[in-house]
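# Reading the structure
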Amino acid sequence: MAKAAKKPALLRKQAIMRKVVAATVPCIAGAVYYFGWRSLAMVAFCVAVGFLFEWLFCRTRNEPVSEAVFVTAVLFALIMPPGAGWHILFIGMGVAVVFSKEVFGGFGRNIFNPAMAGRCFVY
């Protein structure tokens, strides 16, 4: 009797990426202080959209989502103007994750910084 295919974990654990996200907390706090709570909402939105895009892409390769997507999302949200539209954030995160990260093979194989590539695209 054949065994059922083992499902991969949803998230690839990467301790260094958690440390990088933790290091951005003062920057996020500064953004909230200077630009208001919308900055925090932008970070949360970008994290959710980035995770969604990477999950959709990794699902086809049967791989888990790397925690590096959270770093990309936080950096992308912090380099965007505080008044950027939600649709701009959605499109920018899509380009950052799909075209700048996943097309080249995923974590560690991207030739551009995904957050900066998404920002350049929406600029």
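Because the structure is predicted, anything quoted here is derived from the model rather than measured. (Residues numbered from 1 in each chain as written. Predicted model: local features only at pLDDT ≥ 70, side-chain atom pairs only at ≥ 80, totals over all residues. Heavy atoms only, no water.)

## So, the side chain of S39
Mapped onto the elements of the fold, S39 is located in helix α3 (residues 38-61). Judged by its relative accessible area of 9%, S39 falls in the buried class. (Helix = DSSP H or I, 4+ residues; strand = E, 2+ residues; numbered from the N terminus. Buried < 20%, exposed > 50% of the residue type's maximum accessible area, 1.4 Å probe, protein only.)

## Observations regarding helix α2 (residues 25-35)
Regarding α2, the residues found buried are I28, A31 and V32. For α2, the buried positions fall inside an angular range of 95° around the axis, keeping them on one side. In α2, those exposed residues whose orientation departs by more than 90 degrees from the buried face are P26, Y33 and Y34. Buried positions along α2 lie against α3 and α4 (68-79). Count one or two residues on from α2 and you reach G36, which has phi positive near 95°. (Arc of directions from axis to C-beta. Contact = heavy atoms within 4.5 Å.)

## Some thoughts on the packing of helix α5 (residues 86-102) against helix α6 (residues 114-122)
Relative orientation of the contacting elements α5 and α6 amounts to 130°, with a least axis distance of 8 Å. Relative to α6, α5 is oriented oblique. In terms of crossing hand, the pair formed by α5 and α6 is right-handed. Across from I88, I91, G92, V95, A96, S100 and K101 in α5, the residues of α6 making contact are P114, A115, A117, G118, F121 and V122. Class assignment for the residues of the contact of α5 with α6 results in nine nonpolar, three polar and one charged. (Axes fitted to C-alpha atoms, helices over the stretch in contact; angles between N-to-C directions. Parallel < 35°, antiparallel > 145°, perpendicular 65-115°, else oblique. Left-handed = near helix turned anticlockwise from the far one by under 90°. Nonpolar A, V, L, I, M, F, W, Y, C, P; charged D, E, K, R; others polar.)

## Considerations on the environment of M42
In this structure, M42 sits in helix α3. For M42, a relative accessible area of 2% gives the class buried. Remark: the alpha-carbon pair of M42 and G85, spanning 43 residues in sequence, is separated by 9.5 Å. Discounting chain neighbours no more than four positions away, the residues touching M42 are A77, M80, P81, P82, W86 and L89.

## Notes on the environment of G85
Within the secondary structure layout, G85 lies in the loop between α4 and α5. Judged by relative accessible area, which is 22%, G85 ranks as partly exposed.

## Digging into α3
One full turn of an α-helix is made of 3.6 residues, so residues set three or four places apart face in the same direction. Under the 1.5 Å per step criterion, the end-to-end length of α3 is 35 Å for 24 residues, consistent within 8% with the ideal 34 Å. Listing the buried residues of α3 in full gives S39, M42, V43, C46, V49, G50, F53, E54 and C58. In the core, the buried residues of α3 are packed alongside α2, β2 (65-66), α4 and α5. Downstream of α3 by a residue or two, N62 has a phi angle that is positive, lying close to 60°. (Expected span 1.5 Å × (residues − 1).)

## Comments concerning the confidence of the model for the chain
Mean pLDDT over the chain works out to 87, with 87% of the residues at or above the 70 mark. Per-element averaging of pLDDT across the chain places strand β1 (residues 11-12) at the bottom with 68 and α2 at the top with 96. (pLDDT = per-residue confidence, 0-100.)

## Considerations on the packing of aromatic side chains
According to the stated counting rule, one finds four aromatic pairs in the structure shown. Residues F51 and F70 carry aromatic rings whose centres are separated by 6.1 Å and whose planes lie at 0° to one another, so their mutual orientation is stacked. Separated by 19 residues along the polypeptide, F51 in helix α3 and F70 in helix α4 bring together distant segments of the chain. Ring geometry for F53 versus F90: centroids 5.2 Å apart, planes at 55°, classification tilted. Pair noted here: F53 is in helix α3 and F90 is in helix α5, with a separation of 37 residues, a long-range link. Judged by its relative accessible area of 18%, F53 falls in the buried class. Between the NZ or CZ atom of R38 and the centre of the ring of W86, over which it lies, the distance is 4.5 Å. (Phe/Tyr/Trp six-rings, centres within 6.5 Å; stacked < 30°, edge-to-face > 60°. Lys NZ or Arg CZ within 6 Å of the ring centre and 35° of its normal.)

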